[in-house]
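# Structural characterization, general
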Amino acid sequence: MTSINWDALLGSAIDAMKRAYCPYSGFPVGAAGLAQDGRIVSGCNVENAGYGVTLCAECGMVSELIRSGGGALVAVVAVNGDEVPVSPCGRCRQLIYEHGGPSCLVLMPEGVAPMSEVLPGAFGPHDLDSVGALPAPASSDTKEGYDGAL
């Protein structure tokens, strides 16, 4: 297993945070993750006038993970403008889970926690195996073939 240097991850997250583009909220965020092969990947938030299309720092970090060779995340930290750990938002928790799984460690404001605690009951790739288990409705305007029971 890869050894986790939390100070190095924090430093990378802080460096990324200093490059954040956040003219609307004034809330810079940087994220850094340790890949299973020892690479450190990072990202910063990039806001947009159409607020809903803003990119979180963790999105940039995962993009860098994939761009630089993929693999699994082992540990993640996100920091705010005060250079202290912040909780990833719900969307980002899902991204981290997708690319790190339940054992990926996250430095939360309260301390280190595995994704299984940060995102309990997570939906992931394993859930897609059950697609098709329920019969689909015959058409959009009839309930033939589906009784609504789950």
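Residues numbered from 1 in each chain as written. Predicted model: local features only at pLDDT ≥ 70, side-chain atom pairs only at ≥ 80, totals over all residues. Heavy atoms only, no water.

A few words now on the side chain of N80. With respect to the helices and strands, the residue N80 is situated in the loop between β3 (73-79) and α3 (90-100). The exposure class of N80 is buried, given its relative accessible area of 11%. Discounting chain neighbours no more than four positions away, the residues touching N80 are M17, F27, P28 and V86. (Helix = DSSP H or I, 4+ residues; strand = E, 2+ residues; numbered from the N terminus. Buried < 20%, exposed > 50% of the residue type's maximum accessible area, 1.4 Å probe, protein only. Contact = heavy atoms within 4.5 Å.)

The next thing to look at is the packing of aromatic side chains. By the definition in use, this model includes 1 aromatic pair. For the ring pair Y24 and Y51, a centre distance of 5.6 Å and an interplane angle of 75° mean the geometry is edge-to-face. Here Y24, found in the loop between α1 (6-17) and β1 (30-35), pairs with Y51, found in the loop between β2 (40-44) and α2 (57-67); they are 27 residues apart in sequence, far enough to count as distant. The class of Y24 is partly exposed, set by a relative accessible area of 38%. (Phe/Tyr/Trp six-rings, centres within 6.5 Å; stacked < 30°, edge-to-face > 60°.)

On to the pairing of strand β5 (residues 111-114). Across 4 bridges, the pairing between strand β4 (residues 105-108) and β5 is antiparallel. Across the sheet, L105 pairs through a bridge with P114, a residue of β5. What sits between β4 and β5 in their antiparallel hairpin is a turn of 2 residues. (Pairing = 2+ DSSP bridges.)

Turning to the sheet that holds β2, a few remarks are in order. Ordered in space as β2-β1-β3-β4-β5, the 5 strands form an open sheet in which the pairing is mixed. The open sheet has two free edges, formed respectively by β2 and β5, since each of these has just one partner strand. Here the average twist between neighbouring strands, direction ignored, is 20°. Bridge analysis of β1 against β2 gives 5 bridges, and the strand direction is antiparallel. Bridged to A32 within β2 is S42. (Axes fitted to C-alpha atoms, helices over the stretch in contact; angles between N-to-C directions.)

When its volume is computed, the largest pocket comes out at roughly 170 Å³. Lining the largest pocket we find 14 residues, and of these F27, V29, N45, C56 and E58 sit closest to its centre. Split by residue class, the lining of the largest pocket holds 8 nonpolar, 4 polar and 2 charged. (1 Å grid on protein atoms, 1.4 Å probe; cavity = no way out; pocket = protein on both sides within 12 Å on 5 of 7 lines; lining within 4 Å. Points joined across faces, edges and corners; volume = space filled by probe spheres on them. Nonpolar A, V, L, I, M, F, W, Y, C, P; charged D, E, K, R; others polar.)

Evaluation of the coordinates by the stated rule reveals 3 salt bridges. With a shortest N-O distance of 3.9 Å, K18 and E83 are connected by a salt bridge. Within this pair, whereas K18 is found in the loop between α1 and β1, its partner E83 is found in the loop between β3 and α3, the two being separated by 65 residues in sequence. Here K18 falls in the exposed class, since its relative accessible area comes to 58%. Taking the shortest distance from any N to any O, the salt bridge between R67 and E64 comes out at 2.9 Å. Here E64 and R67 lie together in helix α2, a separation of 3 residues that amounts to about one turn. (Salt bridge = Lys/Arg side-chain N within 4 Å of Asp/Glu carboxyl O.)

These values are about where atoms sit, not about what they do.
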